[in-house]
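Residue strings, one per chain:
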Amino acid sequence: MTSLAVHEAPAATGATGTARGRTPLRGRIALVPTAVLLLGALYCLLPVAWVVIASTKSGSELFSTFTFLPGTGFADNIRDLDAYRDGIYWQWMGNSALYAVLGALLSTCVSAVSGFALATYRFRGRETMFNILLAGVLMPPIILAIPQYLLLAQADLTDSYWSVLLPQILSPYGVYLSRIYAAAAVPGDVVEAGRMDGAGEWRIFTRIALPMMVPGLVTVFLFQFVAIWNNFLLPYIMLSDDERFPLTLGLFTLLEQGSNTPALYTLVITGAFLAVVPLVALFLVVQRFWSLDLLSGAVKS
């Protein structure tokens, strides 16, 4: 027994040494995803940092100082932007807010009704319709822009607010996400119980299903709001009157004029920085709402 213990001891020691040798290697491999994520975050945040810092520079500082060195002209840039063409920048921002808020709300309502219907009801052609929606998710918006322009031109709606709002009310991705979320969050037994209690289909949707779908619908609203706020191609094709331009198109016209008037570059950069602020504020508000809703759902369950 003693000799056996003596012979087994080196083997145990060797196994321990091997485990110790593997631990640093596994630790190094585990750092690879973290490093990739950090590089991705750096790649995404560097342009934002440049816009924030460049918006603080005057026209002379913009091209003569270090890239990431803050300047002293932020207040002057705001005043110049406010004075440009009697404050048309704020009209562009108001137009963007109108397009994004109203368009996202209407799109969320359509997505909620459509997603709930596709998830709850069984009818002929349901899967075919859903597959067509999936094809719409995969289709680039640029393919639909010209046909949408031709359709709205026939209705004499081009160069109007409706020409930007109407094509964005139906979101294939919003309907897809609403259907997936409704199928997971709205139990069929609850719907059947509502029917047995005498509730109509609309009452079941508004009083039972809709509160359960709120977190998913908030996600749909956020995605659609950001997509409409950042949309450039559709307004570029539909609009010709610059008083109806959203921020993306308005800043583009400023940038084009900047090739002949370099002083406008500071206005473009400052305007781009201010255009990001509502998106950041919306994300912070929605993130807080998600947290509260998830906590309340956990308490109720």
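For the structure itself, look to the data block above.
Residues numbered from 1 in each chain as written. Predicted model: local features only at pLDDT ≥ 70, side-chain atom pairs only at ≥ 80, totals over all residues. Heavy atoms only, no water.

Caption draft 1: Geometry of the overall build of the protein. Of regular secondary structure, the protein possesses 13 helices and zero strands. Reading the protein from its N end, one meets helices and strands in the order α-α-α-α-α-α-α-α-α-α-α-α-α. Sorting the 301 residues of the protein into buried and exposed places 31% on the buried side. In the protein, the share of contacts with a sequence separation of at least 24, taken over all contacts with a separation of at least 6, comes to 72%. A total of about 18200 Å² of accessible surface is found on the protein, and carbon and sulfur atoms cover 69% of it. (Helix = DSSP H or I, 4+ residues; strand = E, 2+ residues; numbered from the N terminus. Buried < 20%, exposed > 50% of the residue type's maximum accessible area, 1.4 Å probe, protein only. Contact = heavy atoms within 4.5 Å. Areas by Shrake-Rupley, 256 points an atom, 1.4 Å probe, with all protein chains shown as cover.)

Caption draft 2: Layout of the environment of threonine 120. Secondary-structure assignment places threonine 120 in helix α4 (residues 88-120). On the accessibility criterion, threonine 120 (22% relative accessible area) is partly exposed. Spatially, the C-alpha atoms of threonine 120 and valine 186 are 8.7 Å apart, while their sequence positions differ by 66 residues.

Caption draft 3: Looking closely at the side chain of asparagine 77. Locating asparagine 77 in the fold gives a position in helix α3 (residues 74-83). Judged by relative accessible area, which is 3%, asparagine 77 ranks as buried.

Caption draft 4: Looking closely at the side chain of serine 160. By secondary structure assignment, the location of serine 160 is in the loop between α6 (141-154) and α7 (161-165). Of note is the side chain of serine 160, whose polar atom sits 2.4 Å from the backbone oxygen of leucine 157. Apart from residues lying up to four places away in sequence, serine 160 is in contact with Leu239 and Arg244. (Polar contact = N/O pair within 3.5 Å; in protein donor to acceptor, adjacent residues only side chain to side chain.)

Caption draft 5: Examining empty space enclosed by the protein more closely. A full pass over the atoms with the stated rule returns one cavity of 30 Å³ or more. What the largest cavity holds in volume is close to 40 Å³. In this structure, the largest cavity is lined by Ser96, Tyr99, Val164, Gln168, Ile228, Trp229, Asn231, Pro235 and Pro246. Breaking the lining of the largest cavity down by element, the ones donating at least two residues are α4 and α10 (201-229). (1 Å grid on protein atoms, 1.4 Å probe; cavity = no way out; pocket = protein on both sides within 12 Å on 5 of 7 lines; lining within 4 Å. Points joined across faces, edges and corners; volume = space filled by probe spheres on them.)

Caption draft 6: Fine view of unusual backbone geometry. Despite not being glycine, arginine 85 has its phi angle at roughly 50 degrees, a positive value. Unlike most non-glycine residues, aspartate 156 shows phi in positive territory, near 60 degrees. As for its placement among the helices and strands, aspartate 156 is situated in the loop between α6 and α7.

Caption draft 7: How the structure looks around the packing of aromatic side chains. Taken as a whole, this structure holds 16 aromatic pairs when the rule is applied. Here phenylalanine 74 and phenylalanine 273 contribute two aromatic rings whose centre-to-centre distance is 6.0 Å and whose plane-to-plane angle is 75 degrees, an arrangement assigned as edge-to-face. Taken together, the positions of phenylalanine 74 in helix α3 and phenylalanine 273 in helix α13 (residues 264-300) put the pair 199 residues apart, joining distant regions of the chain. Judged by its relative accessible area of 32%, phenylalanine 74 is partly exposed. With 5.1 Å between their ring centres and 80 degrees between their planes, tyrosine 89 and tryptophan 90 make a pair best called edge-to-face. For tryptophan 90, a relative accessible area of 36% puts it in the partly exposed group. In this structure an aromatic cluster arises from ring pairing among Phe116, Tyr121, Trp202 and Phe205. We note arginine 179 situated over the ring of phenylalanine 130; from NZ or CZ to the ring centre the distance is 4.1 Å. (Phe/Tyr/Trp six-rings, centres within 6.5 Å; stacked < 30°, edge-to-face > 60°. Lys NZ or Arg CZ within 6 Å of the ring centre and 35° of its normal.)

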